[in-house]
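Coordinates in review
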Amino acid sequence: MDKITKKNVLLIVEDEKVLSNTLEERLLSEGFNVIKAFDGEEGLKLALENHPDLILLDLLMPKVDGLTMFKKLRADSWGEYAPVIILTNADSSSKVAEAMDVGHSDTFEYILKTSLSLEGVVARIKKRLNITN
Amino acid sequence: MENTNKKKYYNKSALRIALIYILISALWIIFSDRLLLTNPDTILFLSTLKGWVYTIVIGIFFYFLINRELNRRNQIENNLIDIKNKYYVLIDLAADGIMLGSHDGIITDVNRYLCDMVGLKKEDIIGKEIKHFPFTKESIDKNPLRFDLLNKGEIVDSEREIINSLGSKLIVEMRTRMMPDGTYQSIYRDITNRKNVEEKLEESEKKYHELIENSPDAIIVYDTEGKILFINKETLFLMNATKKEELIGKSVMQFVHPDSKALVIERMSKSLKEKIDLPIAEEKFIKIDGSSIKAEVKSMPIKFNGKLAVQVIIRDITDREKASNFLKLVVNSIPDFIFWKDRNSIFLGSNEAFAKVAGLQSSEDIIGKTDYDLNWKKEESDAFIADDRRVMESNTAKYHIIEPQLQAGGKQAWLETSKVPLHDDEGQVVGILGSYMDITERINIEEKLEESEEKFRRLFESAKDSILLLDVDTGEITDSNPFIQDLLEYSAKELIGKKIFEISPFRDIIENKEKFNELIKKNYIRYDNLDILSKTGKIKYVEFVLNVYTVGDKKVVQCNIRDLTEKRELEESKVGFLSIASHQLRTPLSMTKWVLDALLKEKGLTVFQKSKLNDLVYSNERLINLVEDLLNVSMIETGKLIVNKKLIDLGKLINDLVASLKSLADKKKKNIKIINLPNLKEVYCDPILINESLENLLTNAFVYAKEDSKDITISVEDREDDYLISIHNEGYIDDSSSEKINLFDKFSRGANSSVIEPTGSGLGLFITKKMVEASGGTIWFTSNIESGTNFYLTIVKNKLKE
């Protein structure tokens, strides 16, 4: 499995600054490169520009929400297979189901933020990126 | 023939011989005296006297001696004559014809019987040649006497046909032998009658055989040992045999069904011992092919080939039995009560239903009983019997008589009875057939109908639903309640008499008559969400239910229209509230959670700081759990719980879940053991709901298991229709308290749970149950002090998907 080489780039799309910052600090300390966006519009733009290795996506956000951004991303030729972890607090089994329908469920997973500790989130990110400690 | 007179040899002969002897002796004495004259007179005299005496004594002696001998001869001869005379009498009187002939074949004598037999006089026969006897042209001696044999001393028997002088044909049996004196004696016996009888017998025997052979009944003859001696054609057919040898010579018991063996043995010995015909009995037999038949059997002792045997006549009643069983089945299947009685109202039979209400075990018990022996009151029985009499005497059937009856168990019933007189072949009334229905229910219903009609009217008027009643054929509105008038802003006048598809609010739903008819055919139609427009154009959000039911013999359509407008508004706000609440509540909680995580990761924290931070983590977790539970409950209650089934590897799901719970288990000093995991590679279920349900049950097990017990087990059983997952712990749920608590109810908690886990929300099992049930499964538990607690949940198999 890969080590963190050439620094894996992670995009955090999250409108809550506290969560965004806490996560960013933690990921930086793990040695990742982090880009941040605070709404879906910005998130989609950064994603398509930087082609990050993984997108951490919130669902309920101002301007363009996470699901809309996700659908637009999947419409892009690169974005179609971009790995995404949906990190949300929305009660949204219906929305998740909708997201699943967008396609390629193996490139996407769903985490309820309250259900995982920071440690747990980092572990899932690493697993997604096939990284061992 | 003539008697020969007895010859008498009188004593005279002996006397004569004696006298002659004396005379000779005297002559000799006289002459000898004269010749000799030698002696003096005295001596001469004395010697002469001596000689005389001497001579007389010897003469007397001779006389007696000879006389005796002659007497004896005389007697023998007389006896002989006696015998001869008797013989002649015998011959003359004999019932057989007797003929004597000389050695050269001439008839010397015949008896009277033979004369009568041939119609000739004795004189006409004697002196003729034997071989021409009886001297009629037609009598041709087909087998002349075998003199050669006779001469050898043999007795010759022959049978011959002779025509007597009167022209009658006779059959005679003739026995001839040579007598010691070289004469012949023949005895003729007239066997014409016997021959005729024999012939007739033969004929009738043939007929009898024919009859038996072609009898439609099977006939078997067996000997005293039970060995089959004879069978007829029908027996072959009955026993399914092809050859008589398959049965003849075998033991009859071999073909008797075990059920009937005792009976057959008993009847056989009775028939042989008492030599009487036995009445008909039902016996079972086994055919050659092993199948069994039921038959009616009559047996009688007979002589067969001169020996005692038993003849059995067997009639196959399997078909009859079948037919009668079928009829019985029919009679017993009819829900009506059926009985039949004789001319005197004595029961001859009934169906089972009737026997049951009469208080009897079975319909067989009713035979011979009268109504007085049955459950009903005396007065009722009087009435029934009087009724029977009327029907039988008038010889007219009575249909649908309604009468009360007291049934077994004291139940008062109302009956609708029909009684029909039964006739014999001559048209005479011999009994009565009755059937009745229990119409108690109907009578009760009729009584209640008026009442319910009124109730219905009240309900109809006051209903919260809008109701329209339609005529099923035309779709015409026949009635409407006030509520619909409010809802649609139409007056009753505007609705009644119109066809439903002419009213604008329903125009879209029921566009035309065809569609309406199609709806009616289904009997029940329901639209959960329907927007309809009122007369003034207001949108009404309604539930529309159309029911077709029968009133009397007419079909009616009832449309219930429930206004859901308010309810929908309320629900929409609820859904909005929920999704906002879930996000808004979770966001600060997740922030706190992550920030605390980040803080705890810091180096250089004091033990005190760490402990306080952990307290915060714990408190935050509790809040998160509570919020999760509440959100779940809200979701469930608003019907927003979404089931998303797919094929998953349930085994992997369970393994992953157990692995993820390991740290929590370690903390509680528990160990989850997976004890039975069949192949679960493709199980059709909602992984999120199953995962959450199992997690709830496992974490519950951590908390409520006995403190000193370590193992919590989870196992899966692959059953026919579902997978059964069971989770076991050593704890005990005390539900013996007076208030029965359903653990699966919202906010309910076991009697001892608030002591063990004061922070529980009381929502976990409620949510779990709802999730399991939403997936089509069931959940339950068992608990006792000894074996602990088992929670079970099932995942239904989808036959199409698997």
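Relevant structure appears above.
Every chain is numbered on its own, with residues counted from 1 as its sequence reads. Whichever chain is written first is A, and whichever ligand is written first is 1; the rest continue in order. Confidence filtering applies because this is a predicted model: local features only for residues at pLDDT of at least 70, side-chain atom pairs given and counted only at 80 or more, and all residues used for totals across whole chains, interfaces and linings.

1. Focus: the interface of chain B and chain A
Our contact criterion uses C-beta atoms placed from the backbone: two residues qualify when those atoms are within 7 Å. Of the residues lining the interface, 20 residues belong to chain B; the matching set on chain A comes to 19 residues. Labels follow the DSSP assignment, with helices taken as runs of H or I lasting at least four residues and strands as runs of E lasting at least two, numbered in each case from the N terminus. Elements with a contribution of two residues or more to the side of chain B that touches chain A: helix 17 (565-601) and helix 18 (607-637) of chain B. The greatest single-element share of the side of chain B that touches chain A, amounting to 14 residues, is contributed by helix 17 of chain B. In terms of residue class, the side of chain B that touches chain A is made up of 11 nonpolar, 6 polar and 3 charged. Residue type decides the class: Asp, Glu, Lys and Arg count as charged, Ala, Val, Leu, Ile, Met, Phe, Trp, Tyr, Cys and Pro as nonpolar, and the leftover types, Gly among them, as polar.

2. Let's talk about the nonpolar core
Take the buried Ala, Val, Leu, Ile, Met, Phe, Trp, Tyr and Cys residues, join any whose C-beta atoms are within 7 Å, and the set you get is a nonpolar core. Burial is judged by counting the other C-beta atoms within 10 Å of a residue's own C-beta: 20 or more makes it buried, 12 or fewer makes it exposed, and any count in between marks it as partly exposed, with every C-beta position built from the backbone. One finds A:Leu10, A:Leu11, A:Val13, A:Ile55, A:Leu56 and A:Leu57 to be the most contacted residues of the largest nonpolar core, which totals 34 residues. Of all hydrophobic cores here, the second largest spans 29 residues; its members include B:Leu694, B:Ile712, B:Tyr723 and B:Leu743.

3. Considerations on unusual backbone geometry
Residues and elements named next belong to chain B. Within the chain, Glu489 stands out as a residue other than glycine whose phi angle is a positive 60°. Tracing the backbone through its elements, the reader meets Glu489 in the loop between helix 13 (482-488) and helix 14 (492-495). Even without being a glycine, Lys669 presents a positive backbone phi close to 60°.

4. Focus: the sheet that holds strand 27 (residues 788-796) of chain B
All names here are of chain B. Across the sheet, 5 strands lie side by side as 22-24-25-27-26; this open sheet has mixed pairing. Each edge of the sheet is formed by a strand with only one pairing partner; in this case those strands are strand 22 (671-676) and strand 26 (779-784). Adjacent strand axes in the sheet meet at a mean angle of 20° when their direction is disregarded. Inspection of the sheet shows strand 24 (residues 711-718) paired to strand 25 (residues 722-729) by 6 bridges, in the antiparallel sense. Counted as the bridge partner of Asp718 is Tyr723 from strand 25. For helices, the fitted axis covers only the stretch in contact; all axes are lines through C-alpha atoms, and the angles between them, taken along N-to-C directions, range from 0 to 180 degrees. Each of strand 22, strand 24, strand 25 and strand 27 touches helix 21 (residues 687-704); the most contacted strand, strand 25, lies at about 20° to it. Strands are labelled as partners when DSSP assigns at least two bridges between them.

5. Describing the pairing of strand 1 (residues 97-101) of chain B
Residue and element names in this part refer to chain B. Burial of strand 1 is one-sided: the residues Gly97, Met99 and Gly101 facing one way are buried, the residues Ile98 and Leu100 facing the other way are not. When strand 1 meets strand 2 (residues 107-110), the two strands line up antiparallel, connected through 3 bridges. Bridging across to strand 2, Gly101 finds its partner in Ile107. Two successive antiparallel strands, strand 1 and strand 2, enclose a turn made up of 5 residues, where Gly105 displays a positive phi of approximately 85°.

6. Regarding the packing of helix 18 of chain B against helix 23 (residues 764-774) of chain B
Each pair of packed helices can be summarised by the angle the axes make with each other and by the distance between the axes. Residues and elements named next belong to chain B. Look at helix 18 against helix 23: their axes get within 10 Å of each other, and the N-to-C directions meet at 40°. Judged on the interaxial angle alone, helix 23 and helix 18 are oblique. Once helix 18 is placed against helix 23, the crossing between them reads as left-handed. Of the residues in helix 23, those touching helix 18 at Asp629, Asn632, Val633 and Ile636 are Gly764, Phe766, Ile767 and Lys770. By residue class, the composition of the contact of helix 18 with helix 23 is 4 nonpolar, 2 polar and 2 charged. Angular relationships are summarised with four words: roughly parallel below 35 degrees, roughly antiparallel beyond 145, roughly perpendicular across 65 to 115, and oblique for the angles in between. We call a crossing left-handed when the near helix sits turned anticlockwise from the far one by less than a right angle, and right-handed when that turn is clockwise.

7. Examining helix 2 (residues 40-50) of chain A
Residues and elements named next belong to chain A. Along helix 2, the residues classified as buried are Gly40, Gly43, Leu44 and Ala47. The arc enclosing the buried residues of helix 2, seen along the axis, measures out at 95°, which places them on a common side. Away from its buried face by more than 90 degrees, helix 2 exposes Lys45, Glu49 and Asn50. Packing partners of the buried residues in helix 2 comprise strand 1 (9-13), strand 2 (33-37), strand 3 (54-57) and helix 3 (66-75). The first or second residue beyond helix 2 is His51, which carries a positive phi of 45°. The directions considered for the arc run from the helix axis to the C-beta atoms.

8. Examining the packing of helix 21 of chain B against helix 23 of chain B
Residue and element names in this part refer to chain B. Here helix 21 crosses helix 23 at 145°, and the two axes come no closer than 9 Å. Handedness of the crossing formed by helix 21 with helix 23: left-handed. Mapping the contact onto sequence places Leu689, Glu692, Ser693, Asn696, Leu697 and Asn700 in helix 21 and Gly764, Ile767, Thr768, Met771, Val772 and Ala774 in helix 23. Taken together, the residues that form the contact of helix 21 with helix 23 break down as 6 nonpolar, 5 polar and 1 charged.

9. Things to note about the sheet that holds strand 13 (residues 398-406) of chain B
All names here are of chain B. Taking strand neighbours across the sheet as the criterion, the 5 strands line up as 12-11-15-14-13 in an open arrangement whose pairing is antiparallel. Where the open sheet ends on each side, the last strands, each with one partner, are strand 12 (347-350) and strand 13. On average, each strand axis in the sheet is tilted by 25° relative to the strand beside it, whichever way the strands run. In this structure, strand 13 lies alongside strand 14 (residues 412-423), joined through 7 bridges in antiparallel fashion. Paired with Gln405 across the bridge in strand 14 is Ala413. Each of strand 11 (337-342), strand 13, strand 14 and strand 15 (429-438) is contacted by helix 11 (residues 378-394), which is oriented at about 30° to strand 14, the strand it contacts most.

10. Considerations on the environment of B:Asp365
Residue and element names in this part refer to chain B. Residue position: Asp365 is located in the loop between helix 10 (352-357) and helix 11. C-alpha separation for the pair Asp365 and Ser350, spaced 15 residues apart in sequence, amounts to 9.4 Å. When sequence neighbours within four positions are dropped, the list of residues in contact with Asp365 reads Ala355 and Leu360.

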